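Listed here are the chains, written in short residue letters.
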Amino acid sequence: EPYRRQRQMCIRDRSLDGEELQMQLSRALIDYLGERGMKQADVCRASGLSDAHVSQIFSGKIKDPKASIVYKIAHAMGITVDELLERAESYEDGE
């Protein structure tokens, strides 16, 4: 539980506003998905999340996803939350 709260604070304390971070997070998720040769259905199975929830996260429709959800998705894809957020933040630099 303390870890979850710490991760949520870390996600919310990023320098980007929520909408911008979510769009970049969405882009990073899609990029990692392609790099790993995975489909959203694979992420659903591995994370235990519903197809609809995963789809909304990947499309950027959920503006402030819970840290626990981001963790489950990252873990299902074989990456860390830090790797995911660092990639998302790198897109603001024009990458």
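Predicted, not measured: the structure shown is a model, and the values here were computed from it.

Draft legend 1. Fine view of the pattern of salt bridges. Scanning the model with the defined rule gives two salt bridges in all. In this structure, R87 engages E35 in a salt bridge whose closest nitrogen and oxygen atoms are separated by 2.8 Å. Here the residue R87 occupies a position in helix 6 (residues 81-90), and E35 occupies one in helix 2 (residues 18-35), the gap between them amounting to 52 residues. Of the residues examined, R87 reaches a relative accessible area of 18% and is grouped as buried.

Draft legend 2. Region of interest: helix 3 (residues 40-47). Residues of helix 3 that are buried include every one of V43, C44 and S47, and no others. Summarising the axial view, the buried residues of helix 3 lie within an arc of 100°, below the 170-degree limit, and thus occupy one face. Along helix 3, exposed side chains directed more than 90 degrees from the buried face belong to R45 and A46. Immediately downstream of helix 3, the backbone of G48 shows phi near 80°, a positive value.

Draft legend 3. Broad picture of the packing of helix 4 (residues 51-59) against helix 5 (residues 67-77). Between helix 4 and helix 5, whose axes approach to 12 Å, the crossing angle comes to 90°. For the element pair helix 4 / helix 5, the angle class is roughly perpendicular. Of helix 5, the residues touching helix 4 (which contributes H53, I57 and F58) are I69, I73 and M77.

Draft legend 4. Layout of the packing of helix 3 against helix 5. One can describe the packing of helix 3 onto helix 5 by two numbers: an axis separation of 9 Å at closest approach and a directional angle of 110°. When the axis of helix 3 is compared with that of helix 5, the two are roughly perpendicular. Between helix 3 and helix 5 the crossing geometry is right-handed. Contact residues: V43, A46 and S47 in helix 3; K72, I73, A76 and M77 in helix 5. Residue composition of the contact of helix 3 with helix 5, grouped by class: five nonpolar, one polar and one charged.

Draft legend 5. Summary view of helix 5. Buried residues of helix 5: A67, I69, V70, I73, A74, A76 and M77, and no others. Looking at the residues trailing helix 5, positive phi occurs at G78, about 80°.

Conventions and cut-offs
- Residues numbered from 1 in each chain as written.
- Predicted model: local features only at pLDDT ≥ 70, side-chain atom pairs only at ≥ 80, totals over all residues.
- Heavy atoms only, no water.
- Salt bridge = Lys/Arg side-chain N within 4 Å of Asp/Glu carboxyl O.
- Helix = DSSP H or I, 4+ residues; strand = E, 2+ residues; numbered from the N terminus.
- Buried < 20%, exposed > 50% of the residue type's maximum accessible area, 1.4 Å probe, protein only.
- Arc of directions from axis to C-beta.
- Axes fitted to C-alpha atoms, helices over the stretch in contact; angles between N-to-C directions.
- Parallel < 35°, antiparallel > 145°, perpendicular 65-115°, else oblique.
- Contact = heavy atoms within 4.5 Å.
- Left-handed = near helix turned anticlockwise from the far one by under 90°.
- Nonpolar A, V, L, I, M, F, W, Y, C, P; charged D, E, K, R; others polar.

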